[in-house]
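# Fold and geometry: a report
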Amino acid sequence: MTELLHPRPADPAMPAIKGHLPVLLPVRPPRPVTAAELFTPGTALLLLVLLAWFSVGPVVAQAAGETRTPVALLLLKWTPVLAEGFAFNILISILSMLAGTVLGVGLGVLQVSPNRLLARLAWVVTQFFRNSPWLVLLFYCILLIPFELEILGTTVPFPGWIKAVIGLSLPVMAYMSEFMRGAIQSIPSGQWESAASLGFTRRQTMIEVILPQTVTRVLPSWMNLYAVLTMATPIVSIVGVNEVMALTRAALSSESRTDLLIPMYLYILGWFFLYCYPISRLTRRLERKYAVKL
Amino acid sequence: MKTALTAATALVALMAAGLAAADTLEDIKSAGKIVVGVKQDYRPWGYLDASGKTIGFEIDLAQDVATRLGVELELVPVVASNRMEFLQQGKIDLIIATLGDTEERRKVVGMIEPNYYASGANVLLPKAAGVATWQDLSGKDICALQGSYYNKKVQQDYGANLVAFAGVPEATAALANGSCLGFLYDNTWIESQVASDPQWAEYHMPLPTEQLTPWAIAVPLEDLEGPYGTFMHDVSTEWHKSGFLIERNAANGIAPNPFLQEQHDKLQ
């Protein structure tokens, strides 16, 4: 009988009490990450990468005799050059994220504006950039923006990587705009009504009541977007920015070793993984922390 | 009134100076540097060394141009899809980036004559494949590079099944692991590889080179007839005449190129 009433397995920390309902449980802080949680498909992939890296190198070196440098040494040799390129990827991702976030929050707020025309316009802009291929936007930015601008008689250079930042910030802006619209609309209308009854203007309500509450709602999606953006930065190599992918190509071409291709791409994959994986772990924890608890 | 007049005169003088500076050669000299678009993934013509420096045959040429002008050299890495746009935009002053001299491209950029290099299409094949003529490639999978001018003919006339990759590393890796029978590419590159690299010991280049195409240095189209184009024409002629190109070709470990020898002999 008690089993029927309490189908959930009993929590060892919580003695079974008659009439006890999950909704009455106290809110507990998130647990620290356990070992079982750490071993996910993601970490398995990381192990695979490391394994491949260490195994491919020595085998190939043996097969080809003593004259060839082991793959691992070649990777090490190119690491400074590749790291410089990777730093560039990170820089591009951070700057586009900053620009995209600022623009996106503005656009998202406009999407819920009481001014119909303004809201409609913001919606069109959001939908346009959200549904365009990133590479196409990049191409437009690279080829349409001049390489230098004449502002008040002084020439301001406009290097390719800045254009890449602009190109990548457009889709970020659109996604952010959608996140914000969703978050603002998810705030209970009581919040608007209470603020109004306290004499807040719409502007004050938005800035002082609604927007602060959207932060926790948007944060996990925002971090996810950042991880996706970082992994998308190699596409800027196609438009002539010397980031890690372009340099990997150059390094491979310079070595002209057919056995280096797969280990070197795996090596770069590993870097992106190591950078993005902690972000996605943190996102999951934040999601759990801010999830509506029952 | 007088000050206004002086100001107007000064403005006109400034504008005139601005117009005069439309000549790219003057721009380069006054800036003290020439910006050259080069390949960085096309060993041995243009590639990176492990310190991140761009080196190779074409970089030697770019350096020589800068030395002759007495200006500094700035290299900008380019790829086939952006080099001509960069030149049109003014981001670079000169292209020395394995640019094939074709009719269509002559409408877009100023191709400098005489051509500084030439290469044709050939196929790197395993010795065991037993391919003796181009016709033997019919129905076979052949690795190639996206956008190479010779792909079309090999596909249409010889019926080869082309598997196109973005770069040489990808294509050669595919060849080495047996995804395709051979690798269709520049004959000069294949010759240098077969001669120097032990990983190609079991490969050779049995077919006659086809579709020989000259490579050209390119300047902006509007500069082709101007002082800049004339200057580059003189430089290129001098390179052939003095044997500089033959010497640099050998110094970069590239197999001797008959085109260079021919041009050199013609100018003597």
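Cut-offs and rules
- Residues numbered from 1 in each chain as written.
- Chains lettered and ligands numbered in written order.
- Predicted model: local features only at pLDDT ≥ 70, side-chain atom pairs only at ≥ 80, totals over all residues.
- Heavy atoms only, no water.
- UniProt positions renumbered as here; feature names shortened; annotations may be inferred.
- Helix = DSSP H or I, 4+ residues; strand = E, 2+ residues; numbered from the N terminus.
- Contact = heavy atoms within 4.5 Å.
- Buried area = accessible area lost by both parts, 1.4 Å probe.
- Salt bridge = Lys/Arg side-chain N within 4 Å of Asp/Glu carboxyl O.
- Polar contact = N/O pair within 3.5 Å; in protein donor to acceptor, adjacent residues only side chain to side chain.
- Nonpolar A, V, L, I, M, F, W, Y, C, P; charged D, E, K, R; others polar.

If you look chain B up in an unreviewed UniProt entry, it shows as Transporter substrate-binding domain-containing protein from Tabrizicola soli. Its UniProt record, at the heading Sequence similarities (unreviewed entry), says of chain B: "Belongs to the bacterial solute-binding protein 3 family."

Where an unreviewed UniProt entry is consulted, chain A appears under the name Amino acid ABC transporter permease, with the organism given as Tabrizicola soli. The record in UniProt for chain A states the following under Sequence similarities (unreviewed entry): "Belongs to the binding-protein-dependent transport system permease family. HisMQ subfamily."

The next point concerns the UniProt feature "transmembrane region" (unreviewed entry) in chain A. Residues and elements named next belong to chain A. When the UniProt feature table is mapped to this numbering, "transmembrane region" (unreviewed entry) covers residues 44-65, 85-112, 133-152, 158-176, 225-248 and 260-279. As annotated, residues 133-152 comprises 55% helix and 20% strand, and the C-alpha atoms at either end are separated by 35 Å. Helix makes up 54% of residues 225-248 and strand 0%. Its end C-alpha atoms lie 25 Å apart.

Counting residues at the interface gives 29 residues for chain B and 27 residues for chain A. Buried area between chain B and chain A, both sides added, is near 2200 Å², and the carbon and sulfur share of it is 56%. Looking at the side of chain B facing chain A, the largest losses of area belong to A50, Q89 and Q199 of chain B, adding up to 24% of the total buried there. Applying the counting criterion to the chain B and chain A interface returns one salt bridge. R249 of chain A is the salt-bridge partner of E170 of chain B, the closest N and O atoms lying 3.1 Å from each other. Viewed at the interface, chain A and chain B are joined by 10 residue pairs in polar contact (both at pLDDT 80 or more). Secondary structure elements with two or more residues in the side of chain B that touches chain A: β2 (41-42), β3 (46-48), α4 (83-89) and α7 (168-176) of chain B. Here the side of chain B that touches chain A takes five residues from α7 of chain B, the largest share from any one element. Split by residue class, the side of chain B that touches chain A holds 12 nonpolar, 10 polar and seven charged.

With an omega of 0°, the peptide bond running from R43 of chain B to P44 of chain B counts as cis. Here P44 of chain B shows up in the loop between β2 and β3. With omega at -5°, the peptide bond leading from E113 of chain B into P114 of chain B counts as cis. Tracing the backbone shows P114 of chain B in the loop between β7 (109-111) and β8 (117-126). Unusually for a residue other than glycine, S256 of chain A sits at a positive phi of about 35°. Within the secondary structure layout, S256 of chain A lies in the loop between α10 (244-255) and α11 (261-290). A positive phi angle, near 45°, is found at T98 of chain B, a position not held by glycine.

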